[in-house]
Each structure stands twice: as C-alpha cells, then as structure tokens.
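Chain by chain, the residues:
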Amino acid sequence: MDASNSLISVEDALDQILQQIVPLAGEQVPLPRSFGRILAEDIISTIQVPPFANSAMDGYAIIATNSQRASPENPVRLKVVENIPAGETPTKSITGQTAARIMTGAPMPGGADAVIRFEETSEHVATDTEPAGEVRLFSAVKPGDNVRLAGEDIQEGQTILKSGHRLHPQDVGVLAAVGQAHVPVLRRPRIAILATGDELVSIDESVSPGIIRNSNE
C-alpha cells in the first residue's frame, strides 16, 4: 500500500482537530486577577450605578426655578439650611427659598432638582459683609443641571458584559463598580509541544552525526 494514500492535507487535519475542541470549564477568580480572561457567563448587575442621585459638582443644591431670574446684577438670595459633604446623608429637604451646600458625590437632598456651581454663587466672591447662612446666585440653572441620577450609568438587572468577552482594564473597573468581587471566567488551556523526528534524542542522551537533542522536552 502506498503510504501517501494515508496522508491528509494540513487543512483536513486542522478541521479534524477543531471538531474535537470544546469550551473549557469555568472557574471563579478574584476581580484583580480577571484582566485578560474570557468571561464564562453574562454579567448582570444586581444594583444601579450611581446608587442614588448625587451632585456632579461642588456647589449648592437648589430648586431650579428659584434661580431663573438670577444674574450678576440681580442675584437671587437663598437661605442655606444644610452642608452636605460626600459620604453623608442629607437630613433636610429643600423647600421655598432655601439651598444646601453640597460637595461632589454627595446625595441630593429631597426637594432639590439642580446644583449650581460655587463659581456661580457668592461663595466664589465671598466678602466679610455676606450674611451668615445665606448664598447669592448669579446665574440660572435648569432642572437636572449638575446632577447624576440614580441608575444613570447602569440599571439594576442590566447585562453589562456578555459571555465570551475578553476583559479589558475598563471592564474590570465596571465590575468593581457593581460589586463583582469574583468573576466567572473560562479556565486557561494547557499547551504542550510534541516534537517528533528520527533525528531527535532526549537531552540526557549523547548525540552523533545527524542527531540533535530535543530542546522542547
């Protein structure tokens, strides 16, 4: 029998190999070790991001309509009822002609629908004659200005990454934002090199003319 009759093309050999390949099993890895890995499952957020409406600027949380006639020549004066640093929960609501001093990332107080920046208030040009507990507004804002709404970036139940996706640095940041401390990824394949040939001998064997040691062992 002609030995050449039993040979197959490289393309056929590759096709036969690929037909035997199946996806590897999944495993859970800590988030910091997930970069570059392939997701084994869809990632669905269990929370909304941001989790609450918050200020996008340092400024004053106000009712936007209170600022509509404000200008440098005709400022609107509001009573400041609270100071809200980031990480604190508001204790008062904004009603009537009132405002709350607020920092970036701090939760919006009830009743407020906009934030006016410090640069557009008397805080930016404060003087010794400024009454305590009051602020002047020098420009108008619209409802929603400088406010990040709850769920504006990610909604609860939203699929944020699909199975089969290779994780990039920005993906790891998103996973951290939704509290994904461990990530389901595909197990990494193990690769082996099989070298064959009559000219090869093991590395601990002596060589003779025409013979080389197998450097891939």
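Before going into details, it helps to say that this report is about the structure given with it. Note that the structure is predicted; figures quoted are calculated from it, not measured.

Our next topic: unusual backbone geometry. Cis peptide bonds are those with omega within 30 degrees of zero, and the linkage from Val49 to Pro50 qualifies with -5 degrees. Here Asn146, not a glycine, exhibits a phi torsion of approximately 60 degrees, which is positive. Checked against the element boundaries, Asn146 lands in the loop between β8 (134–137) and β9 (147–148). Taking relative accessible area as the criterion, Asn146 reaches 23% and is therefore assigned partly exposed.

So, on to the packing of aromatic side chains. Applying the stated rule across the entire model yields one aromatic pair. A ring pair is formed by Tyr60 and Phe118, whose centres lie 5.6 Å apart and whose planes are at 70 degrees; its orientation type is edge-to-face. Residue Tyr60 is found in strand β4 (residues 59–62), and its partner Phe118 is found in the loop between β7 (114–117) and β8; the two are separated by 58 residues along the sequence.

All right, on to the environment of Ile8 then. Tracing the chain through its elements places Ile8 in the segment before α1 (10–19). Between the C-alpha atoms of Ile8 and Ala56, which are 48 residues apart in sequence, the distance is 65 Å.

This part is about the pattern of salt bridges. Here the structure, examined in full by the defined rule, presents five salt bridges. Its salt-bridge partner being Arg101, residue Glu123 comes within 2.7 Å of it at the nearest N-O pair. Placement of Glu123 in the loop between β7 and β8 and of Arg101 in strand β6 (residues 98–102) is noted, with a sequence separation of 22 residues between them. Judged by relative accessible area, which is 28%, Glu123 ranks as partly exposed. Taking relative accessible area as the criterion, Arg101 reaches 25% and is therefore assigned partly exposed. Two residues, Arg117 and Glu120, come together in a salt bridge whose shortest N-O distance is 3.5 Å.

About the thresholds
- Residues numbered from 1 in each chain as written.
- Predicted model: local features only at pLDDT ≥ 70, side-chain atom pairs only at ≥ 80, totals over all residues.
- Heavy atoms only, no water.
- Helix = DSSP H or I, 4+ residues; strand = E, 2+ residues; numbered from the N terminus.
- Buried < 20%, exposed > 50% of the residue type's maximum accessible area, 1.4 Å probe, protein only.
- Phe/Tyr/Trp six-rings, centres within 6.5 Å; stacked < 30°, edge-to-face > 60°.
- Salt bridge = Lys/Arg side-chain N within 4 Å of Asp/Glu carboxyl O.

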